[in-house]
Amino acid sequence: MTTAEAVPAAVLATPAAYKDPEALYAALAAARRDDPVSLVEVEGYTPFWAVTRYADIIKVERAAKTFTNSPRPVLMTAEQDRLQQQVGIDTLIHMDGAKHRQYRAIGVNWFKPSALAQLQEQVNALAKRFVDKLAAAGGECDFVQTVGVDYPLYVIMSLLGIPEDDFAFMLKLTQELVGNDDPELQRGTSDEENMMAMLDMFAYFQKLTENRRANPTDDLASAIANATVDGAPLDDIQTVSYYAIVATAGHDTTSSSITGGLQALIENPDQLAKLRDNPDLMPTAVEEMIRWVTPVKEFMRTAAEDTELHGKTIKAGDAVLLSYVSANRDEDAFDDPFAFNIEREPNKHLAFGHGLHFCLGAPLARMEIAAFFTELLSRLDHIELAGEPQLTATTFVGGLKHLPIRYSLR
Ligand code: HEM
C-alpha cells in the first residue's frame, strides 16, 4: 500500500483532505509537477490512476472509446462500488456510446438556454425570496443553512415539478447521497445504510413516475416519465435513475458554488466592490466562482483497452480518476490560478467536465448563481465573516457546510 506521504495524489482518496484546501492544493501541485499520472493504492479503494494535469484530463475525456464511464463513473470505496453495481444504478454518467446519446437527448431540450429563459422569472423570484430570508434573519446567520442548501433545491424541484411539501424530504435524501463521506451528513455508519437513502429516493420517484404517466403535465418529470428510447418507455430503474441524476447533480453542486463564491467575495473585498459597482461583470464572476470552488471534485473513467498516458501504461479495466480540482489550479492552464479574479477571461475551467458528458445543467447553474448574486449585491451594504467557514469531507461533490456571516441589507 502507498501512503499519502509516498504518493501525494493519495489525498484524492481521502475525504478529510478536502477540508484543508491549502494542504490539498500543495499535494496536487506536487502530483502535477512530479507524477501527473500516478497510481494510487489506498486501503478500501480499488487502485486508480490519478490524472492531475488539465491537458491530460482533456485528452482522456476526448478519448471516450478508450476511457469509458461504465462501470465506475466516480470514486467510491470498493464496498460502495460493489453495492452500486449490485443495485444496477444506470444514470447518464454510467452510460457510453449510442445509449448515452439517446438518454441525454431526453433531457437536453430542458436545459437549453432558450428553454431556461422561460424559467428565468421563477428563478429571479426565488432569488428574491431567499435574499428576503437573509434580511429577515436579522444580520447574522449561517449562510449555508439559510440560503445555500434550499435555494438550488427549490429551483431544481420547481423545474422537475415536485410539490413544495416534499422539498424537505428530497433535501435530506440528496444530502445523504452526495455527502455520505461526512459523518455530520451521514444517515448511518455503514455503506448499506447509505444505500438505503438511495432506495428511498428510488421509491419516491417511482411513485412520481406512475403519477405523471397517468396525468402528464408540462414539467420535466412528465418528460422523463413519458420518454421513449427506440419506441419503448424507459424501465423503472432507468426512469428513477434519470430523476436521481437531475435531482442530485443539480443541487449540492450549485449550492457549493454559491456558498463558496460568497466566501471568495468576502475574502477578496476588492473583487466584491468591483462586482457590486459593475453588475455587467456577473457572467465572468459566476464562471470564476465555479472554477474557484470546483464543487465536483472528480469523475472516473475505466480503460477499455491497454493504452498509454503521460508515459504510463494503463491496462484495460484500470480505473482512471480525473481531478477537476487539480486541473482548475493548473499553472499551465491558468494565469495566476490561485488568484480569485472576477474578470478572468478566458476561463476554460473543467468544473463542468469536458466532452460528451459535459454538464447538462451548466446553463441552469449559471442562471441560478447569477440571479442570486444580482439580487444580493443590489441590496448589500456590508458583509463579513462571523466565524470559521467549514468544508465537507468528500471525494465527490461538496463545498462549505457552514459559512457564518454578518451583514446589512437594504
Ligand atoms: C454532469 C458539474 C450543475 C446536471 C456533470 C459533470 C460535471 C458537472 C463535472 C460530469 C462532466 C464530465 O464527465 O465530463 C456540475 C457543476 C454544477 C452542475 C460544477 C454547478 C455549478 C448541474 C445542474 C444540473 C446538472 C444544475 C441539472 C439540473 C448534470 C447531468 C450530468 C452532469 C444530468 C450528466 C451528463 C452526462 O453524463 O451526459 N456536471 N454540474 N448539473 N450534470 Fe452537472
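Since the structure is predicted, the reported quantities are computational estimates derived from the model, not experimental observations. (Residues numbered from 1 in each chain as written. Predicted model: local features only at pLDDT ≥ 70, side-chain atom pairs only at ≥ 80, totals over all residues. Heavy atoms only, no water.)

**Examining the nonpolar core**
Ranked by internal contacts, the top residues of the largest apolar core, which has 114 residues, are Leu134, Tyr151, Phe205, Phe372, Phe373 and Ile405. Here the element with the most residues in this core is helix α17 (residues 362-379); it accounts for ten residues. Setting aside residues no more than four positions away along its own chain, Phe205 makes contact with Ile162, Met170, Val240, Tyr243, Ala244 and Ala247. Core analysis: the next-biggest nonpolar cluster, separate from the first, contains 23 residues, Val7, Ala9, Tyr25 and Leu321 among them. (Core = buried A, V, L, I, M, F, W, Y, C linked by side-chain atoms within 4.5 Å. Buried < 20%, exposed > 50% of the residue type's maximum accessible area, 1.4 Å probe, protein only. Helix = DSSP H or I, 4+ residues; strand = E, 2+ residues; numbered from the N terminus. Contact = heavy atoms within 4.5 Å.)

**Some thoughts on the coordination of the iron atom of the ligand**
The protein supplies the iron atom of the ligand with one donor atom, Cys359 (SG), which lies at 2.3 Å. The residue Cys359 is located in the loop between α16 (324-327) and α17 in this model. (Donors = N, O, S within 2.8 Å, 3.2 Å for Na, K, Ca; no water.)

**What to know about the packing of helix α8 (residues 150-160) against α17**
Two numbers describe how α8 lies on α17: the axes approach to 11 Å, and their chain directions differ by 130 degrees. Between α8 and α17, the interaxial angle falls into the category oblique. Of the two elements, α8 crosses α17, and the hand of that crossing is right-handed. The segment α8 lies against α17, with Tyr151, Pro152, Val155, Ile156 and Leu159 engaging Leu364, Glu368, Ala371 and Phe372. Per-class residue counts for the contact of α8 with α17 are eight nonpolar, no polar and one charged. (Axes fitted to C-alpha atoms, helices over the stretch in contact; angles between N-to-C directions. Parallel < 35°, antiparallel > 145°, perpendicular 65-115°, else oblique. Left-handed = near helix turned anticlockwise from the far one by under 90°. Nonpolar A, V, L, I, M, F, W, Y, C, P; charged D, E, K, R; others polar.)

**A look at the sheet that holds strand β14 (residues 404-409)**
Spatially, three strands are ordered β4-β14-β11 in an open sheet, and the strand pairing comes out antiparallel. Here the strands that pair on one side only, and so sit at the sheet edges, are β4 (140-142) and β11 (380-385). The mean angle between the axes of side-by-side strands here comes to 30 degrees, regardless of whether they run parallel or antiparallel. As defined by bridge partners, β4 adjoins β14 across three bridges and the pair is classed as antiparallel. Across the sheet, residue Asp142 finds its bridge partner in β14, namely Pro404. The sheet strands contacting α17 are β11 and β14, and the helix crosses β11 at an angle near 105 degrees. (Pairing = 2+ DSSP bridges.)

**A look at the site of the ligand**
Neighbouring the ligand are 28 residues; Glu61, His100, Arg104, His357 and Cys359 lie closest to it. Within the backbone of His354, an N or O atom sits 3.1 Å from an oxygen atom of the ligand. For the shell around the ligand, the elements supplying multiple residues, two or more each, are α4 (97-108), α12 (236-249), α13 (252-267), β7 (298-303) and α17. Ranked by residues supplied to the shell around the ligand, first place goes to α13 with three residues. Looking at the shell around the ligand residue by residue, the classes come out as 16 nonpolar, nine polar and three charged. (Near = heavy atom within 4 Å. Polar contact = N/O pair within 3.5 Å; in protein donor to acceptor, adjacent residues only side chain to side chain.)

**A few points about the pattern of salt bridges**
Throughout the structure, instances matching the rule amount to 20 salt bridges. Ionic pairing is found between Arg82 and Glu79, a salt bridge with its closest N-O pair at 2.9 Å. Placement of the pair is Arg82 and Glu79 together in helix α3 (residues 78-87), with a separation of three residues, close to one helical turn. For Arg82, a relative accessible area of 44% gives the class partly exposed. Of the charged contacts, one joins Asp219 and Arg212 as a salt bridge, the two residues approaching to 2.8 Å between their closest N and O atoms. Several salt bridges share partner residues, and in doing so they unite Lys128, Asp132, Glu375 and Arg379 into one network. (Salt bridge = Lys/Arg side-chain N within 4 Å of Asp/Glu carboxyl O.)

**What to know about the packing of aromatic side chains**
The geometry of an aromatic ring pair is captured by two quantities: the separation of the ring centres and the angle between the planes. Considering all chains together, one arrives at 15 aromatic pairs under this definition. An aromatic cluster of three or more residues is present, and its members are Phe130, Phe143, Tyr151, Tyr154, Phe167, Phe372 and Phe373. Sitting over the face of the ring of Phe334, Arg291 holds its NZ or CZ atom 5.2 Å from the ring centroid. Across from the ring centre of Trp292, 4.4 Å away, lies the NZ or CZ of Arg329, which sits over that ring. (Phe/Tyr/Trp six-rings, centres within 6.5 Å; stacked < 30°, edge-to-face > 60°. Lys NZ or Arg CZ within 6 Å of the ring centre and 35° of its normal.)

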